[in-house]
Amino acid sequence: MAQDVHDTVRKDTGTDAGAGKAPHAAPPGVTDGVVLTPEQVRRRRARSVAIASVLGFLVLLFYVVTIVKLGPGVVLNRPL
Amino acid sequence: MSDVSVGMTEKQALGLAPEAPGGLATPRDYIALLKPRVMSLVIFTALVGLVRAPDHVHPVIAFTAILCIAVGAGAAGALNMWWDADIDRVMTRTQSRPIPSGRVTPQEALAFGLTLSAFSVVVLGLLVNVLAGALLAFTIFFYVVVYTMWLKRSTPQNIVIGGLSGALPPMVAWAAASGSISLESVILVAIIFFWTPPHFWALSLYRADDYARAGVPMLPVTAGPDETRRQILLYTLFLVPLAMSPTFLGEAGLVYGAVSGVMGLGMLMAAIKVYRLRTGEEATKAAKKMFGFSILYLFLLFATLLAEALIGRI
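Only a predicted model underlies this, so the values are computations on that prediction, with no experimental measurement involved. (Residues numbered from 1 in each chain as written. Chains lettered and ligands numbered in written order. Predicted model: local features only at pLDDT ≥ 70, side-chain atom pairs only at ≥ 80, totals over all residues.)

## Some words on the overall build of chain A
The following threshold applies: In DSSP terms, a helix is any run of H or I states spanning at least four residues, a strand is any run of E spanning at least two, and both are numbered starting from the N terminus. Put simply, a residue is buried when 20 or more other C-beta atoms lie within 10 Å of its own C-beta and exposed when 12 or fewer do; between those, it is partly exposed, and each C-beta is set from the backbone.
Along the backbone of chain A there are three helices and zero strands. Listed by position from the N terminus, the elements making up chain A come as α-α-α. Considering chain A as a whole, with its 80 residues, one finds that 6% of them fall into the buried category.

## Quick notes on the nonpolar core
Residue and element names in this part refer to chain B. Condition: The nonpolar core criterion groups buried Ala, Val, Leu, Ile, Met, Phe, Trp, Tyr and Cys residues into a set whenever they are joined through C-beta atoms within 7 Å. Residue ranges labeled as domains rest on an automatic or database domain assignment. In this description, any two residues whose backbone-derived C-beta atoms lie within 7 Å of each other are considered to be in contact.
Counting 97 residues, the largest nonpolar core has Ile69, Val172 and Ala173 as its most contacted members. With 14 residues, the single largest contributor to this core is helix 4 (residues 59-83). Split by domain, this core shows at least three residues from each of two domains, domain 1 (23-180) and domain 2 (182-314). In contact with Val172, not counting residues within four places along its chain, are Ala46, Ile69, Ala132, Leu135, Leu136 and Thr139.

## Overview of the confidence of the model for chain B
Keep this limit in mind: pLDDT measures the predictor's confidence residue by residue and takes values from 0 up to 100.
Taken residue by residue, chain B gives an average pLDDT of 91. The fraction at 70 or more is 92%. Here residues 1-20 of chain B is a poorly scored stretch, pLDDT under 50, and it has 37 contacts once near neighbours within four places are set aside; other chains count.

## Remarks on the domain arrangement of chain B
Residues and elements named next belong to chain B. For clarity, the threshold we go by: Classification used: nonpolar for Ala, Val, Leu, Ile, Met, Phe, Trp, Tyr, Cys and Pro, charged for Asp, Glu, Lys and Arg, polar for all others including Gly.
On domain assignment, one finds that chain B holds domain 1 (23-180) and domain 2 (182-314). In this structure, domain 1 and domain 2 have C-alpha centres spaced 22 Å apart. Counting from both sides, the interface comprises 27 residues of domain 1 and, opposite them, 26 residues of domain 2. Of all the secondary-structure elements, those providing two or more residues to the side of domain 1 that touches domain 2 are helix 3 (36-52), helix 5 (85-90), helix 8 (158-167) and helix 9 (169-178). Counting residues per element, the side of domain 1 that touches domain 2 draws most heavily on helix 3, at seven residues. For the side of domain 1 that touches domain 2, a count of residues per class yields 16 nonpolar, seven polar and four charged.

## Re the environment of Gly74 of chain B
Residue and element names in this part refer to chain B. One can find Gly74 in helix 4. With 42 residues separating them along the chain, Gly74 and Leu116 place their C-alpha atoms 8.2 Å apart. Each residue touching Gly74, except ones within four places of it in the same chain, is listed here: Leu34, Lys35, Met39 and Leu116.

## Some points on the packing of helix 6 (residues 106-127) of chain B against helix 7 (residues 130-151) of chain B
Each pair of packed helices can be described by the angle between their axes along with the distance between the axes. Residues and elements named next belong to chain B. How we decide: What counts as an axis is a line fitted to C-alpha atoms, over the stretch in contact for a helix, and the angles between N-to-C directions run from 0 to 180 degrees. Every angle not falling under 35 degrees, over 145, or within 65 to 115 is termed oblique; those three ranges are roughly parallel, roughly antiparallel and roughly perpendicular.
Packing of helix 6 against helix 7 brings their axes to within 7 Å, and their N-to-C directions diverge by 160°. Classed by the angle they form, the pair helix 6 and helix 7 counts as roughly antiparallel. Between helix 6 and helix 7, the contacting residues are Ser117, Ser120, Val121, Leu124 and Gly125 on the first element and Val130, Ala132, Gly133, Leu136, Ala137 and Ile140 on the second. In the contact of helix 6 with helix 7, the residues fall into seven nonpolar, four polar and no charged.

## Some words on the environment of Thr236 of chain B
All names here are of chain B. By the secondary structure assignment, Thr236 is in helix 13 (residues 225-248). With 27 C-beta atoms counted inside 10 Å, the residue Thr236 sits in the buried group. Linking Thr236 and Ala137, residues 99 residues apart in sequence, is a C-alpha distance of 30 Å. In contact with Thr236, other than residues within four places in its own chain, are Pro198, Met267, Leu268 and Ala271.

## Structural notes on helix 13 of chain B
Put simply, the rule reads: Helices are assigned an expected span. That span is 1.5 Å times one less than the residue count.
For helix 13 of chain B, built from 24 residues, the straight-helix expectation of 34 Å at 1.5 Å per residue is met to within 8% by its first-to-last C-alpha distance of 35 Å. Of all the residues in helix 13 of chain B, the buried ones are Pro225, Thr228, Arg229, Ile232, Thr236, Leu239, Val240, Ala243, Met244 and Pro246 of chain B.

## Describing helix 9 of chain B
All names here are of chain B. Burial analysis of helix 9 places 10 of its 10 residues in the buried class, the great majority of the element. Taken together, the buried positions of helix 9 are Pro169, Pro170, Met171, Val172, Ala173, Trp174, Ala175, Ala176, Ala177 and Ser178. Contacts from the buried residues of helix 9 go to helix 3, helix 4, helix 6, helix 7 and helix 10 (183-206). Gly179 sits one or two residues past helix 9 and shows a positive phi near 75°.

The structure is reproduced here in structure tokens:
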């Protein structure tokens, strides 16, 4: 929803790249798209770090479970 | 999930209705959506089911099973908060939760809960076994659809029937370890199932105004505090011998029998006190004491079962 509004604002102010103007050339007083506050940026970064950490953990978990399910004999005695 | 927000002036200029801002949540808010305190009870009871199961599983598989059960329970909690956001806004106990406080939007909570539900069930089914995955799916479905969406707002028996979802984790863990369901896992479920009503009704006795304001038909709201006190006593009278039954059935040892007997006596005394003290500060104090003691009671029962199983394996 917020992204739709964002797009609409950009179109209305004629600041799309297709209009041949730089994104920062919006008239004074009109916001060019969405501007995050420093606090929002900080929180988004914290969420991104958390998601990355969870994904990294899952990769490790699936790897270890795969090794366990295969059994040490399969992993260590496989032909090179 | 939306990471962007639009200033109110732009919204007003475009003739759009104001909406929740979104993008304000921290990882801590998403953890709060998982109801960590409920999750800790789920992890503990599931661990007991896993350890007491007759088959030994590899520690990595055991860890994966407990993780999936915990995440599944947390996901159910997030979906519960999504559905009950209107109630949570009214009740003082829940007003600071992530959705009523506006830090997480309902859409974000819904997406979070659905994703984690699907993920926990699929991973448990694929990495551990299908029976455990199916039981976890049933547990989540029962909590979200049967309890949260249907029973909670329609009947004072909401927590009696809905309590099954909170009771199932030891059985899920048992199934994860053994690939089957046995009498002992059923008893573990039954203990938590019959513990839930006196536990929650003790809480609802001194939170009745909150529940009434939110329109939740808890027993003290619909049948009155006196009937609630009677029901607490009746359920406790049934719970105490049931909790001792593992010893009589040969599933648990004498230490468990002694602990369940002594703690059961304490539980019974607390219930009698709640039944007898009906007015004033003393009545509230008795209900609060019973609520607190019931947590200790369940914890000690399962801790003893865990200890007996671990010592038996040494």
